[in-house]
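# A closer look at the structure
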Amino acid sequence: MLIRIIDPAQAREAEATDEAVYWNRRAVLGGMAMAGLLPAACAEAKAPNLAPLAARKTRSLNEKLTPYSSVTNYNNFYEFGTSKEDPARNAGTLRPEPWSVRIDGMVAKPQVIDIDRLRKLFPLEERVYRLRCVEGWSMVIPWVGFPLAALIKLADPLGKAKYVAFETLNDPKQMPGLRSSVLQWPYVEGLRLDEALHPLAMITVGLYGRVLPNQNGAPLRLVVPWKYGFKSIKSITRIRLTDRMPPTSWNRSAPDEYGFYANVNPAVDHPRWSQATERRIGEYTRRKTLPFNGYEAEVAGLYRGMNFQKNF
Ligand SMILES: Nc1nc2c(c(=O)[nH]1)N[C@H]1C(S)=C(S)[C@@H](COP(=O)(O)O)O[C@H]1N2
Ligand SMILES: [Mo]
């Protein structure tokens, strides 16, 4: 038998063909679903529209949006399994309604806010952001939500508050992944208060004009576009203001690999791989990763004089 050495161009072509077949198969399945030939669970059901639909479009991006089907079928949400297809498959057990979020700690007005009220409390905006996962892939997503700062100010932080700690739901009945010990539960994240008050940081309640799908962190999820994706904690139940740097899930699990800051930085590699480039989901050629994920002009001021090798 002849063994050929495959050159990279050929390997890319083979990969491209695989992907073309995959998308084609999806198109066929989609067609069947529309023709009513597939059971409901198999159809590509979309989340319901958000009411009111009129989220002001306040931020666009001159880059192609990642298709809804990829945004909602290629996920990281370890509470529902560790492979990318698991959350879409398993997150049906999450009950995003009724839901409330508690804001407490070092605030003058601690409170519990119901999700229905939260969706009406602040004007909803549609903002297109890049999402860069620490694993080396990225997407472009039209989020719907409001500035995190608006929610924090509602609770009136005390002068001594310096950090914001976030917590995901911790219910093994709704989250089958909690039986596994890949991470300590609940999933927790944190920001410095000045980062949390930055106008780019968002609480999202939807994407593509629709209610946030369970696998994307329903009913409310943080999005911090200049940081690696793991900072964007999903299905939040508690937001606590504190004077101490709070523990964060991935830092606790592998402190040498994931820092508290996790600002996207092509110049600081992960100990096991380079962070210089990324693969935009749906594309084949890798792109250069941008400092602060392309938001450098807006956020670099938060980190003047900081050593990024140390504070990664
Ligand atoms: N609670 C919780 N939030 C989470 C995660 C998780 O496993 N659990 N994964 C994070 C990671 S690693 C990434 S890259 C993003 C993925 O968001 P997406 O699935 O909407 O693309 O969610 C983040 N938020
Ligand atoms: Mo990630």
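What you see is a predicted model; the values in this text were computed from it and never measured.

On to the overall build of the chain. Broken down by element type, the chain carries eight helices and 13 strands. Taking all 312 residues of the chain together, the buried fraction comes to 50%.

In this section: the environment of glutamate 126. Along the chain, glutamate 126 falls in strand 4 (residues 125-132). Residue glutamate 126 is classed as buried on the basis of its relative accessible area of 14%. Between the C-alpha atom of glutamate 126 and that of glycine 206, which follows or precedes it by 80 residues, the distance is 8.8 Å. At 3.3 Å, the side chain of glutamate 126 forms a polar contact with the side chain of lysine 57.

Here we come to the site of ligand 1. Near ligand 1, the surroundings consist of 16 residues, among which Asn75, Tyr78, Glu79, Ser232 and Lys234 are the closest. At 2.9 Å from an oxygen atom of ligand 1 is found a side-chain nitrogen or oxygen belonging to asparagine 75. Here ligand 1 loses 98% of its free accessible area of 530 Å² to cover by the protein chains. When grouped by side-chain class, the residues that make up the shell around ligand 1 number seven nonpolar, six polar and three charged.

Okay, the confidence of the model for the chain next. Counting all residues, the mean pLDDT for the chain is 89, and 85% of those residues have values of 70 or more. Within the model, the stretch residues 1-43 combines pLDDT values under 50 with 17 contacts to residues more than four positions away or in other chains.

A few words now on the pairing of strand 7 (residues 188-192). Counting buried positions over the five residues of strand 7 gives five, a clear majority of the element. Note: strand 6 (residues 163-168) against strand 7, five bridges, orientation antiparallel. Of the residues in strand 7, the one forming a bridge with valine 164 is leucine 191.

What the five strands build is an open sheet, ordered 3-2-11-6-7; its pairing is mixed. In the strand order of this sheet, the two ends are held by strand 3 (111-114) and strand 7, each with one partner. Across this sheet, the average inter-strand angle for adjacent strands is 15°, counted without regard to direction. Where strand 2 (residues 100-105) and strand 11 (residues 236-242) come together, four bridges link them in parallel fashion. Its bridge partner lying in strand 11, arginine 102 is registered against arginine 238. Set on the sheet, helix 5 (residues 148-155) makes contact with strand 2, strand 3, strand 6, strand 7 and strand 11; between it and strand 3 the angle comes to about 135°.

Another aspect to go through is the packing of aromatic side chains. In this structure the tally under the stated criterion is 13 aromatic pairs. Where tyrosine 68 meets tyrosine 208, the ring centres are 5.7 Å apart and the plane angle is 75°; that geometry is what we call edge-to-face. With tyrosine 68 in helix 2 (residues 68-71) and tyrosine 208 in the loop between strand 8 (202-207) and strand 9 (210-211), this residue pair connects regions lying 140 residues apart in the sequence. Taking the relative accessible area as the measure of exposure, tyrosine 68 reaches 11% and is therefore buried. Ring geometry for phenylalanine 77 against phenylalanine 80: centres 4.9 Å apart, planes inclined by 80°, an arrangement best described as edge-to-face. Judged by relative accessible area, which is 3%, phenylalanine 77 ranks as buried.

Right, let's talk about the pairing of strand 11 for a bit. The buried fraction of strand 11 is high, at five of seven residues. Of the strand pairs in this sheet, strand 6 and strand 11 are connected by six bridges, and their pairing is antiparallel. Looking across to strand 11, one finds that alanine 165 is bridged to arginine 240.

Cut-offs and rules
Residues numbered from 1 in each chain as written. Chains lettered and ligands numbered in written order. Predicted model: local features only at pLDDT ≥ 70, side-chain atom pairs only at ≥ 80, totals over all residues. Heavy atoms only, no water. Helix = DSSP H or I, 4+ residues; strand = E, 2+ residues; numbered from the N terminus. Buried < 20%, exposed > 50% of the residue type's maximum accessible area, 1.4 Å probe, protein only. Polar contact = N/O pair within 3.5 Å; in protein donor to acceptor, adjacent residues only side chain to side chain. Near = heavy atom within 4 Å. Areas by Shrake-Rupley, 256 points an atom, 1.4 Å probe, with all protein chains shown as cover. Nonpolar A, V, L, I, M, F, W, Y, C, P; charged D, E, K, R; others polar. pLDDT = per-residue confidence, 0-100. Contact = heavy atoms within 4.5 Å. Pairing = 2+ DSSP bridges. Axes fitted to C-alpha atoms, helices over the stretch in contact; angles between N-to-C directions. Phe/Tyr/Trp six-rings, centres within 6.5 Å; stacked < 30°, edge-to-face > 60°.

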